[in-house]
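Below, each chain spelled out in residue letters.
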Amino acid sequence: MSRGRGAVDPKRVSSELFSLTYGCMVAQLLKDFENPEEVNKQLETMGYNIGVRLIDDFLAHSPSVTRCSTLEEVAEVLCKQGFKMFLGIVPEVRNWSSAKDEFSLVITENPLAEYVELPPHCQDCLWYSNIICGVIRGALEMVQMDVKCSFVGDTLRGNDSTEIRIKFVKILEDSLPAGED
Amino acid sequence: MAVCIAVLTKDNCPLYVATDPTEDALKMHFLVHTSIDVIEEKLSSATAANDPRDLYLGQLYPNEDYRIYGYVTNTKIKIVVIETISNPLKDARQVFSQVHSAYISLVCNPFYSPGETITSQPFLQTVTALMRGKAIA
């Protein structure tokens, strides 16, 4: 490649490698499943599996994060610390619903989607970065919050901004495993 | 101002040929085709030791109306730029490096397989702007 790279911290991975890896994965999923809706579901499931593991790593590396008592605090920690730590971006929190149980995350620069152009047959149905929705859902589920998370717009699809809508459903009570009473 | 920019694979298949609408497209295609021979000759005669990567081949051969420049990347993708003598390019090397950068961005798209004909909008726009002589930021 004609772009130069300076000395690299051995623990960090180049963001181009990360984008290319994610891109190849989405392209392969598309070839395997052929249906963009199915690919969206798979990405969400993969994200969920990542999220349930990532939350422990995040909490271990952020001792300053305390228990959140409101959804606003959750949104704040998610954007300013969570996204910052793992993707290096800070999304904006916007469009709170009147009941304060829903909000939007607006991502300006999506590192997953660098250089990506969607093929025409996926232009209207594939959410390229759907893995992020899964990660958020998985991570919040491990801290006893049930949320619904989905994309409402993506610059790759020609929308004005990349926006994720997060809706709080309920707090998860610790339930006894099946079979015990 | 370039009148034609062409990108060819290592097997000399055309990936993309853009010609200025004022010129005869067929003639441009023909000139690009004939320049393939000259590029191959230059590549085979140059030894590996003294060639830098990203070979800028310079002017390939003289023609009464046009100047034809060649450029080969280290993955053997060939870029050919044709300009008119009356309206010469200020810096052919810069045009080549910008086409090369656009090609790199194109290849990084996970949905593009190398070897497919180029239909990507950003790439087409970059090349069209270069043909009009506008520098890319």
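Residues numbered from 1 in each chain as written. Chains lettered and ligands numbered in written order. Predicted model: local features only at pLDDT ≥ 70, side-chain atom pairs only at ≥ 80, totals over all residues. Heavy atoms only, no water.

Chemist: Explain the packing of aromatic side chains to me, and be specific about the residues and the numbers.
Modeler: The full count for this structure, using the stated rule, is 8 aromatic pairs over all chains. Ring centres of Trp96(A) and Phe103(A) lie 4.9 Å apart, and the angle between their planes is 35 degrees; this geometry places the pair in the tilted category. Taking relative accessible area as the criterion, Trp96(A) reaches 26% and is therefore assigned partly exposed. Centroid distance Tyr128(A) to Phe111(B): 6.1 Å. Interplanar angle 70 degrees. Geometry classified as edge-to-face. Within this pair, whereas Tyr128(A) is found in the loop between β2 (102-107) and α4 (131-142), its partner Phe111(B) is found in the loop between α2 (92-108) and α3 (121-131), the two belonging to separate chains. For the residue pair Tyr128(A) and Phe111(B), the accessibility class agrees, reading buried in each case. Among the aromatic residues, those joined into a cluster by ring pairs are Tyr22(A), Tyr128(A) and Phe111(B). (Phe/Tyr/Trp six-rings, centres within 6.5 Å; stacked < 30°, edge-to-face > 60°. Buried < 20%, exposed > 50% of the residue type's maximum accessible area, 1.4 Å probe, protein only. Helix = DSSP H or I, 4+ residues; strand = E, 2+ residues; numbered from the N terminus.)

Chemist: Describe the pattern of salt bridges, naming the residues involved and giving the relevant values.
Modeler: With the rule as written, the count across this model stands at 11 salt bridges over all chains. A salt bridge links Glu76(A) to Lys80(A); the shortest N-O distance between them is 2.9 Å. Of the two residues, Glu76(A) and Lys80(A) are both situated in helix α3 (residues 71-86); the distance of 4 residues between them amounts to about one turn of the helix. Among the residues examined, Lys80(A) registers a relative accessible area of 48% and is labelled partly exposed. The partner of Glu40(B) in a salt bridge is Lys78(B), and the shortest N-O contact between them spans 3.7 Å. One end of the pair, Glu40(B), is in helix α1 (residues 25-45); the other, Lys78(B), is in strand β5 (residues 78-84), with 38 residues separating them in the sequence. Overall, the relative accessible area of 33% leaves Glu40(B) in the partly exposed class. (Salt bridge = Lys/Arg side-chain N within 4 Å of Asp/Glu carboxyl O.)

Chemist: Tell me about α3(B), and name the residues and values.
Modeler: All names here are of chain B. Among all positions in α3, only Phe123, Thr126, Val127, Ala129, Leu130 and Met131 are buried. On its buried side, α3 packs onto β1 (2-8), β2 (14-19) and α2. Gly133, located one to two residues past α3, shows a positive phi value of around 85 degrees. (Contact = heavy atoms within 4.5 Å.)

Chemist: Kindly report on the environment of Asp56(A), identifying the contributing residues and their values.
Modeler: Residues and elements named next belong to chain A. Here Asp56 shows up in helix α2 (residues 36-61). Asp56 gets classed as exposed once you look at its relative accessible area, which sits at 53%. Distance from Asp56 to Met142, taken between C-alpha atoms, is 8.8 Å for residues 86 residues apart in sequence.

Chemist: Hey, could you go over the environment of Trp96(A) for me, with residue numbers and the actual values?
Modeler: Residue and element names in this part refer to chain A. Relative to the helices and strands, Trp96 resides in the loop between β1 (92-94) and β2. When the C-alpha atoms of Trp96 and Cys68 are compared, they prove to be 17 Å apart, with 28 residues separating the residues in sequence. Excluding anything up to four places from it in sequence, Trp96 contacts Leu71, Glu72, Ala75, Glu102 and Phe103.

Chemist: If you had to explain the sheet that holds strand β4 (residues 162-171) of chain A to someone new, which residues and values would you point to?
Modeler: Strands in a sheet are paired, the pairing made by backbone hydrogen bonds, and the direction either parallel or antiparallel. Residue and element names in this part refer to chain A. Reading across from one edge, β1-β2-β4-β3 is the order of the 4 strands in this open sheet, with antiparallel pairing throughout. A strand with exactly one partner marks an edge of an open sheet, and here the two such strands are β1 and β3 (145-153). Shown here is a sheet whose adjacent strand axes are inclined to one another by a mean of 30 degrees, direction ignored. As defined by bridge partners, β3 adjoins β4 across 8 bridges and the pair is classed as antiparallel. The residue of β4 that forms the bridge with Val147 is Phe168. Across the sheet, α3 touches β1, β2, β3 and β4, and the angle it forms with β2 is around 15 degrees. Packing of α4 onto the sheet brings it into contact with β2, β3 and β4, and relative to β3 it is tilted by some 165 degrees. (Pairing = 2+ DSSP bridges. Axes fitted to C-alpha atoms, helices over the stretch in contact; angles between N-to-C directions.)

Chemist: Help me get a handle on the confidence of the model for chain A, residues and values and all.
Modeler: Segments scoring low in pLDDT should not have their predicted coordinates read at a detailed level. On average, chain A scores 87 in pLDDT, and the residues at 70 or more come to 90%. Per-element confidence in chain A ranges from a low mean pLDDT of 90 for α3(A) to a high of 94 for α4(A). (pLDDT = per-residue confidence, 0-100.)

Chemist: How would you explain the pairing of strand β3 (residues 55-62) of chain B if you had to name every residue and give the values?
Modeler: Bridging between β3(B) and strand β4 (residues 66-72) of chain B involves 5 bridges; their strand directions are antiparallel. Bridge pairing in β4(B) places Pro62(B) opposite Arg67(B).

Chemist: Which residues make up the confidence of the model for chain B, and what are the values?
Modeler: Per-residue confidence for chain B gives a mean pLDDT of 82; residues scoring 70 or more make up 91%. Predicted as a complex, the structure gets a pTM of 0.81 and an ipTM equal to 0.74.

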